[in-house]
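# Descriptive analysis of the structure
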Amino acid sequence: SHEIMPHNNQSAQCKQPKPGYFSRQCVWCHEGICCGQRTQVHVIDGILKAQRYCDEILRPIVVSFIHDHHLMLQHDNARPHVARICTQFLEAENIPVLAWPAYSPYMLPIEHVWDALDQRIRQRVPVPANIQQLRTAIEEEWTIIPQATINNLINSM
């Protein structure tokens, strides 16, 4: 998951904000990638907690993607990802999860794909200035990132 915020008339920022900074004007993006495939981007408004992560990301998107492509889930140690309700759900659905060291987000290939997405959004004219424009930009740019770019980022890890 990744939080993305419109940046008042400058650019979209893809980073964790300081507490309270744009706290009401952000969205969470969820995407899944593997060599040759990707999920659609899913944008969530507001705060993402573990139950919401299970209901809106894991159940409708991750489970079928993992099973259909015979993959292992790799995600960071964000609280919603490692909450008991989510780990129990993943176990019940027979989703293998790669153990991941704490505080190592840049070892995740998706982080580099987010950087590419961020760069594409920053280059838009005009840059998204509100949540709806940001959602539209994320959805449009996600679909046009070449799969070869994603594959190269994965293979470079």
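Check the entry above for the structure.
These lines cover the structure that appears in this document, whether it is placed above or below. Keep in mind that this is a model prediction, so the values were computed, not measured.

## Quick notes on helix α5 (residues 131–144)
- Compared with an ideal rise of 1.5 Å per residue, which puts 14 residues at 20 Å, α5 spans 20 Å between its outermost C-alpha atoms and is within 8% of the ideal.
- Along α5, the positions that sit buried rather than exposed are Leu134, Arg135, Ala137, Ile138, Glu141 and Trp142. Seen end-on, α5 carries its buried residues on one side only, within an arc spanning 165 degrees. Seen from the buried face of α5, the exposed residues on the opposite side, beyond 90 degrees, are Gln132 and Thr143.
- The backbone nitrogen of Gln132 has a side-chain oxygen 3.1 Å away, supplied by the residue at the start of α5, namely Asn130.

## A short note on unusual backbone geometry
- Residue Pro126 is reached from Val125 by a cis peptide bond, and omega for that bond is -5 degrees.
- Relative to the helices and strands, Pro126 is located in the loop between α4 (109–122) and α5.
- Backbone geometry at His70 places phi at a positive 55 degrees, although glycine is not the residue there.
- Locating His70 in the fold gives a position in the loop between α1 (50–69) and α2 (79–82).
- Assessed through its relative accessible area of 74%, His70 is described here as exposed.
- In this model, Asn94 sits at a positive phi of 55 degrees, which is unusual for a non-glycine residue.
- Along the chain, Asn94 turns up in the loop between α3 (84–92) and α4.
- Overall, Asn94 belongs to the exposed group, its relative accessible area being 60%.

## Observations regarding the environment of Glu111
- Structurally, Glu111 can be placed in helix α4.
- Exposure remark for Glu111: the relative accessible area of 7% places this residue in the buried category.
- Once the C-alpha coordinates of Glu111 and Leu153 are considered, the two residues, 42 residues apart in sequence, prove to be 9.5 Å apart.

## With respect to the pairing of strand β2 (residues 27–30)
- Neither face of β2 is left uncovered, since the one carrying Val27 and Cys29 and the one carrying Trp28 and His30 both have all their residues buried.
- Examined bridge by bridge, β2 and strand β5 (residues 42–45) share four bridges and lie antiparallel to one another. Bridge pairing in β5 places Val27 opposite Asp45.

## Comments concerning helix α6 (residues 147–155)
- Considered for burial, the residues of α6 that qualify are Gln147, Ile150, Asn151 and Ile154. Axial view of α6: buried residues confined to an arc of 100 degrees, hence all on one face.
- The secondary structure elements touched by the buried residues of α6 are β3 (33–34), β4 (37–38), α4 and α5.

## Brief notes about the packing of α4 against α5
- Relative orientation of the contacting elements α4 and α5 amounts to 120 degrees, with a least axis distance of 10 Å. Comparing the axis directions of α4 and α5 gives the class oblique. Of the two possible hands of crossing, α4 and α5 adopt the one that is right-handed. Between α4, through Val113, Leu117, Arg120 and Ile121, and α5, the contact on the second element is made entirely by Leu134, Ala137, Ile138, Glu141, Trp142 and Ile144.

## Regarding the pattern of salt bridges
- Considering all chains together, one arrives at six salt bridges under this definition.
- Between Arg120 and Glu141 there is a salt bridge whose closest N-O contact spans 2.9 Å. Here Glu141 lies in helix α5 and Arg120 lies in helix α4, a separation of 21 residues in the sequence.
- A salt bridge links Arg124 to Glu140; its shortest N-O distance comes to 2.7 Å. Taken as a pair, Arg124 in the loop between α4 and α5 and Glu140 in helix α5 lie far apart in primary sequence, 16 residues in all.
- On the basis of relative accessible area, Arg124 is assigned to the partly exposed category, the value being 22%.
- With relative accessibility at 38%, the residue Glu140 sits in the partly exposed group.

What counts, and where the lines are drawn
Residues take numbers from 1 onward in each chain, read along the sequence in its written order. Per-residue local features are limited, in this predicted model, to residues with pLDDT of at least 70; the limit for side-chain atom pairs, both in listing and counting, is 80 or more; totals at the level of whole chains, interfaces and linings are taken over all residues. Note: side-chain values were computed over all heavy atoms of the structure, leaving out hydrogens and water. Comment: elements are numbered from the N terminus, with helices defined as DSSP H or I runs of at least four residues and strands as E runs of at least two. A helix is expected to span 1.5 Å multiplied by its residue count minus one. Only protein chains enter the accessibility calculation, which uses a 1.4 Å probe; a residue is then buried when its area is under 20% of its type maximum, exposed when over 50%, and partly exposed in between. Directions drawn from the helix axis to the C-beta atoms are what define this arc. Within 3.5 Å is the distance limit for a polar contact, defined as a pair of N or O atoms, with the added protein rule that one can donate a hydrogen and the other accept it, and that residues adjacent in sequence qualify only through two side-chain atoms. One requirement defines pairing of two strands: DSSP has to find at least two bridges between them. Residues are treated as being in contact if the distance between any of their heavy atoms lies within 4.5 Å. To get an axis, a line is fitted to the C-alpha atoms, and for a helix only the part in contact is used. The angle between two axes follows their N-to-C directions and goes from 0 to 180 degrees. Angle categories: roughly parallel below 35 degrees, roughly antiparallel above 145, roughly perpendicular from 65 to 115, and oblique for all the rest. Each helix crossing is assigned a hand: it is left-handed if the near helix lies turned anticlockwise from the far helix by less than a right angle, otherwise right-handed if that turn is clockwise. Any Lys or Arg side-chain nitrogen found within 4 Å of a carboxyl oxygen on Asp or Glu counts as a salt bridge.

As far as function goes, none of this settles anything; it's purely spatial.
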